[in-house]
Amino acid sequence: MMGILDGKVAVVTGGSRGMGEIHVRELVNEGAKVIISDLNEELGEKVSEDIGDNTIFVKHDVTNFDDWENIIIKARETFGSIDILVNNAGVGGPHKKINDLSIADYKTTIDVDLNGVFLGMKALIPHMIDNNGGSIINISSVAGLRHDDVTPNAAYTAAKHGVIGLTRAGAVEYANKNIKINAICPGTVLTPLLEENLSEEELEAVGSTSPIGRFANSKEISQAIIFLASDKSSYINGEYIVVDGGTAAS
């Protein structure tokens, strides 16, 4: 059975766990070969071994440009090229208002969630130009559209707004090189990490804030990624797709 990404090669950052792992599995299910990028070597190797020959794991710090260049080298050696970049890696950042936020925590959140996306685009765009095109999908958040004053997270909000800005800038600058660059803004997604950190009562309370009345599951975000990575979205560029059950609209 053919998938809509047959013959494509993707990089998924933060691909060894949570949403990233699901994105890797769903991309492979659609025919892609995937480079799993993550700092967690043990988990990354385990996921790659479990999925099989259509993946490789590369230990990768998204804030280190040399590591990005190593991703390209490994991809060329193993699969030949990179057609798709999913900038998924990120940190949540502390739930604090600006005046309560330490400078160190702010810089860390911005470095991973925003600068990591910039470095990925900077590294992969020249490669994609040489490869006659590609698709970059940056994972932002509904926090990139609005700030939640109930659970404030100023650094995360700033980073995710910045991801949308980088997405739109890159999309305009490289559209004539056959590179489409889009973002996805998920709402709250039910992941193992979230389940570990919240009680059942807290999970129910947070999930009910969506107009649909539940969390997203990771596969629902993956389907948006697959659409943007495929030729079915060939005229979509510089956009952000909100996958939040209507939260941002309420």
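Basis of the calculations
Residues numbered from 1 in each chain as written. Predicted model: local features only at pLDDT ≥ 70, side-chain atom pairs only at ≥ 80, totals over all residues. Heavy atoms only, no water. Helix = DSSP H or I, 4+ residues; strand = E, 2+ residues; numbered from the N terminus. Buried < 20%, exposed > 50% of the residue type's maximum accessible area, 1.4 Å probe, protein only. Contact = heavy atoms within 4.5 Å. 1 Å grid on protein atoms, 1.4 Å probe; cavity = no way out; pocket = protein on both sides within 12 Å on 5 of 7 lines; lining within 4 Å. Points joined across faces, edges and corners; volume = space filled by probe spheres on them. Nonpolar A, V, L, I, M, F, W, Y, C, P; charged D, E, K, R; others polar. Expected span 1.5 Å × (residues − 1). Pairing = 2+ DSSP bridges. Axes fitted to C-alpha atoms, helices over the stretch in contact; angles between N-to-C directions. Right-handed = clockwise from strand over helix to strand, strands pointing away. Salt bridge = Lys/Arg side-chain N within 4 Å of Asp/Glu carboxyl O.

Once that is clear, we can look at the environment of His23. Within the fold, His23 resides in helix H1 (residues 18-29). The class of His23 is buried, set by a relative accessible area of 1%. It is 17 Å that separates the C-alpha atoms of His23 and Gly7, two residues lying 16 residues apart in sequence. What His23 contacts, discounting residues up to four positions off in sequence, is Val12, Asn88, Ser218, Ile221, Ser222 and Ile225.

Below, the discussion takes up the layout of surface pockets. Computed from the structure, the second largest pocket encloses a volume of approximately 330 Å³. Contributing to the lining of the second largest pocket are 18 residues, with Gly134, Asn178, Ile179, Lys180 and Ser234 lying nearest its centre. When residues of the lining of the second largest pocket are traced back to their parent elements, those giving at least two are strand E5 (134-139) and strand E6 (179-186).

A separate point is empty space enclosed by the protein. By the definition in use, this model includes one cavity of 30 Å³ or more. One number sums up the size of the largest cavity: a volume of about 40 Å³. Forming the boundary of the largest cavity are Thr13, Val62, Asn87, Asn88, Ala89, Val112, Gly116 and Val117. Considering every element that reaches the lining of the largest cavity, the biggest residue donor is helix H4 (residues 103-130), with three residues. Of the residues belonging to the lining of the largest cavity, the class tally is four nonpolar, four polar and no charged.

With that settled, the discussion passes to helix H5 (residues 154-174). End to end, H5 covers 30 Å across 21 residues, agreeing with the expected 30 Å (1.5 Å per residue, within 8%). Against H4, E5, E6 and strand E7 (240-243) lie the buried residues of H5.

As a further point, take the sheet that holds E5. What links the strands of a sheet is backbone hydrogen bonding, and the strands pair in either a parallel or an antiparallel sense. With parallel pairing, the seven strands of this open sheet are ordered in space as E3-E2-E1-E4-E5-E6-E7. Whereas interior strands pair on both sides, the edge strands pair on one side only; in this sheet they are strand E3 (55-59) and E7. Across the sheet, the mean angle from the axis of one strand to that of its neighbour is 20°, orientation sign disregarded. As defined by bridge partners, strand E2 (residues 33-38) adjoins E3 across five bridges and the pair is classed as parallel.

Both faces of the sheet carry side chains from a regular strand, because those side chains alternate between them. Most of E3 is tucked away, with four of its five residues classed as buried. Running through helix H2 (residues 41-51), the crossover from E2 to the neighbouring parallel element E3 is right-handed.

This part takes up unusual backbone geometry. Its identity is not glycine, yet Asn132 carries a phi of approximately 65°, on the positive side. For Asn132, the location among the structural elements is in the loop between H4 and E5. The exposure class of Asn132 is exposed, given its relative accessible area of 61%. Non-glycine residue Asn178 carries a positive phi angle of around 65°. You can see Asn178 is positioned in the loop between H5 and E6. The exposure class of Asn178 is exposed, given its relative accessible area of 52%.

Moving on to H1. End to end, H1 covers 17 Å across 12 residues, agreeing with the expected 16 Å (1.5 Å per residue, within 8%). What H1 keeps buried is the set Gly20, His23, Val24, Glu26, Leu27 and Val28. Of the surrounding secondary structure, the elements contacted by the buried residues of H1 are strand E1 (9-13), E2, H2, E3, strand E4 (84-87) and helix H8 (218-229). Following H1 by one or two positions, Gly31 adopts a phi angle in the positive range, close to 100°.

Another aspect to go through is the pattern of salt bridges. All told, the structure shown has six salt bridges when counted by the stated rule. The residue Arg17 makes a salt bridge to Asp38 at a minimum N-O spacing of 3.7 Å. With Arg17 in the loop between E1 and H1 and Asp38 in strand E2, the pair connects residues that are 21 residues apart, well separated along the chain. Owing to a relative accessible area of 44%, Arg17 belongs among the partly exposed residues under this scheme. Judged by its relative accessible area of 6%, Asp38 is buried.

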